[in-house]
Amino acid sequence: MDNILRIAIQKSGRLSEDSLKLIKECGIRFDNGAGKLKTSATNFPAEILFLRDDDIPGYVEDGVAHLGIVGENVSVESDRDVNTVHKLGFSKCRLSIGVLREHDYAGVQDLEGKSIATSYPKLLGKYLAENNVTAQIHEISGSVEIAPSIGLADAVCDIVSSGSTLLSNGLKEVETIFKSEAVMIASKHLTAGQQDLLDQLLFRIKSVQVAKNNKYILLNCPMSAVDEITKYLPGMKAPTVMPLATEGWCSIHSVINENDFWENIEKIRQAGAEGILVIPIEKMIL
Ligand code: PRT
Ligand code: ZN
């Protein structure tokens, strides 16, 4: 099966919805009937496998799946021989060390000789070694945060997002050892045909990602304000300036980066812009 890409995504969990959304935003259509373990795309040579996230790196290493979407934390911890081909920008979280709130923590050397409960023994081991700390790693597969309060370990090393789980278990976050987000991993043994399909898919993913960070902006202004306003709206090449039916007025169309938006919008208004419309962009091909 040279000319088909088998993409493994999480069956149900924190990555599932965004993984499916990304594939759909890339224009790939498929039937994801509830409970299915495999489905075929109808308009792209791809199959989608629905798996436990922990199994995805192994399937990709073995070439059973050609691509996978998984948390970088799971991929790195698995230590499988795969390529990380793209960061996907969702499911952001961090792997952190937490200790009991009453612990007077002064620094990583405080962990010397302590026991730390985690589901990430490899990442934790590497961090401790880099910091010349010897601690006992207690590997457990779930409910890690409860370990200190029941006397199973002195500290934990677990995934943190808002921090509320640590807090509600009487813990405080003291070290961040790894920052993670969803990534696309690929087999190291793709055929030329599969590599070509992967390139097409990455092109689509990047177009969707760039579009999300930008907005289409339209506004009206007096002709005399065009130079000042275009300073803040360089657009993809240059903004489009079109005359309005009212003498001396025009309409400017451009693209603005989400991050610059609030900072620049006030300057644009002060320069004389009126009737500003900001519209989401679906795809952006640079
Ligand atoms: O069933 P399957 O094995 O497929 O799924 P899973 O239960 O192993 O994984 P899942 O769905 O919980 O998480 C999938 C991936 O989402 C993880 O590998 C991370 O890359 C990412 N992610 C993002 C998170 C979180 N945020 C997160 N908050 N994974 C887990 N958590 C847990 C964490 O373990 C802790 O218990 O949420 C709690 C902390 O959250 P806060 O918000 O209270 O800090
Ligand atoms: Zn899992």
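Residues numbered from 1 in each chain as written. Chains lettered and ligands numbered in written order. Predicted model: local features only at pLDDT ≥ 70, side-chain atom pairs only at ≥ 80, totals over all residues. Heavy atoms only, no water.

Stated precisely, the cut-off is as follows: UniProt positions are given in the numbering used here, feature names are shortened, and annotations may be inferred rather than shown by experiment.
If you check an unreviewed UniProt entry, the protein chain appears there as ATP phosphoribosyltransferase from Dyadobacter frigoris. According to the UniProt record, the Cofactor (unreviewed entry) comment for the protein chain is "Mg(2+)". Of the comments in the UniProt record for the protein chain, the one headed Subcellular location (unreviewed entry) reads "Cytoplasm".

### What about the sheet that holds strand 6 (residues 93-100)?
To keep it simple, the criterion reads: DSSP bridges decide pairing: two strands pair if at least two such bridges lie between them. For the purposes of this entry, the term helix denotes a DSSP run of H or I that reaches at least four residues, the term strand denotes a run of E that reaches at least two, and both are numbered from the N terminus. Helix axes are fitted only over the stretch in contact, all axes being lines through C-alpha atoms; the angle between N-to-C directions runs from 0 to 180 degrees.
Pairing within the open sheet is mixed, and its five strands lie in the order 8-7-9-6-10. Edge positions in the open sheet fall to strand 8 (136-139) and strand 10 (171-180), since each of these has one partner strand only. The average angle at which neighbouring strand axes cross in this sheet is 25°, direction not considered. In terms of strand pairing, strand 6 meets strand 10 through eight bridges, oriented antiparallel. Its bridge partner lying in strand 10, G98 is registered against E173.

### Describing the coordination of the zinc ion (ligand 2)
Ideal coordination angles are 109.5 degrees for a metal with four donors arranged tetrahedrally and 90 or 180 degrees for a metal with six donors arranged octahedrally. What counts here: Donor criterion used throughout: N, O or S atom within 2.8 Å of the metal, extended to 3.2 Å for Na, K and Ca. Water excluded; incomplete-looking sites may result. Tetrahedral means four donors with every angle between 85 and 135 degrees, whereas square planar (four donors) and octahedral (six donors) require angles over 155 degrees between opposite donors and between 65 and 115 for all others; sites fitting neither are termed irregular. Each residue's exposure class comes from its accessible area (1.4 Å probe, protein chains only) as a fraction of the maximum for that residue type: buried when under 20%, exposed when over 50%, partly exposed otherwise.
Here the zinc ion (ligand 2) is held by D53 (OD) and D54 (OD), and the distances to it run 2.0 to 2.1 Å. The site at the zinc ion (ligand 2) holds four donor atoms, and with the angles between them running 74 to 173°, its shape is irregular. Judged by relative accessible area, which is 16%, D53 ranks as buried.

### Details of the side chain of D158
Inclusion rule: Contact criterion: two residues are considered in contact whenever any of their non-hydrogen atoms come within 4.5 Å of each other.
Inspection of the secondary structure puts D158 in strand 9 (residues 155-160). In this structure, D158 is in contact with R94, L95, S96, Y120, V144 and E145, ignoring residues within four places of it in sequence.

### So, helix 6 (residues 192-212)
Note: α-helices contain 3.6 residues per turn, so residues at a spacing of three or four share the same orientation. Threshold: Take the residue count of a helix, subtract one, and multiply by 1.5 Å to get its expected span.
The end-to-end C-alpha separation of helix 6 is 30 Å, in line with the 30 Å expected for 21 residues at 1.5 Å each. Where helix 6 is concerned, the buried positions are G193, Q194, L197, L198, L201, L202, I205, S207, V208 and A211. On its buried face, helix 6 sits against strand 1 (5-10), helix 1 (16-25), strand 4 (67-71), strand 5 (83-87), strand 11 (182-186) and strand 12 (214-222).

### Concerning the packing of aromatic side chains
Spelled out, the test is: Centre distance within 6.5 Å is the pairing criterion for rings of Phe, Tyr and Trp, where only the six-membered ring of Trp is used; planes under 30 degrees apart are then read as stacked, over 60 as edge-to-face, and the remainder as tilted.
With the rule as written, the count across this model stands at one aromatic pair. Consider the rings of F261 and W262, whose centres lie 4.9 Å apart with planes at 75°: the pair is edge-to-face. Since its relative accessible area comes to 10%, F261 is described here as buried. Overall, the relative accessible area of 69% leaves W262 in the exposed class.

### Re the domain arrangement of the protein chain
Selection rule: Each domain's limits were defined by an automated method or a database of domain assignments.
Domain boundaries in the protein chain define domain 1 (5-90 + 181-211), domain 2 (93-180) and domain 3 (214-280). Computed over C-alpha atoms only, the centres of domain 1 and domain 3 are separated by 39 Å.

### Comments concerning the sheet that holds strand 4
The strand order across the open sheet formed by six strands is 2-3-1-4-11-5, and the pairing between neighbours is mixed. Single-partner strands in this sheet number two, and they are strand 2 (38-40) and strand 5. Direction aside, neighbouring strands of the sheet carry axes that sit 25° apart on average. Bridge count between strand 4 and strand 11: five bridges; the pairing is antiparallel. If you follow G71 over to strand 11, its bridge partner there is A182.

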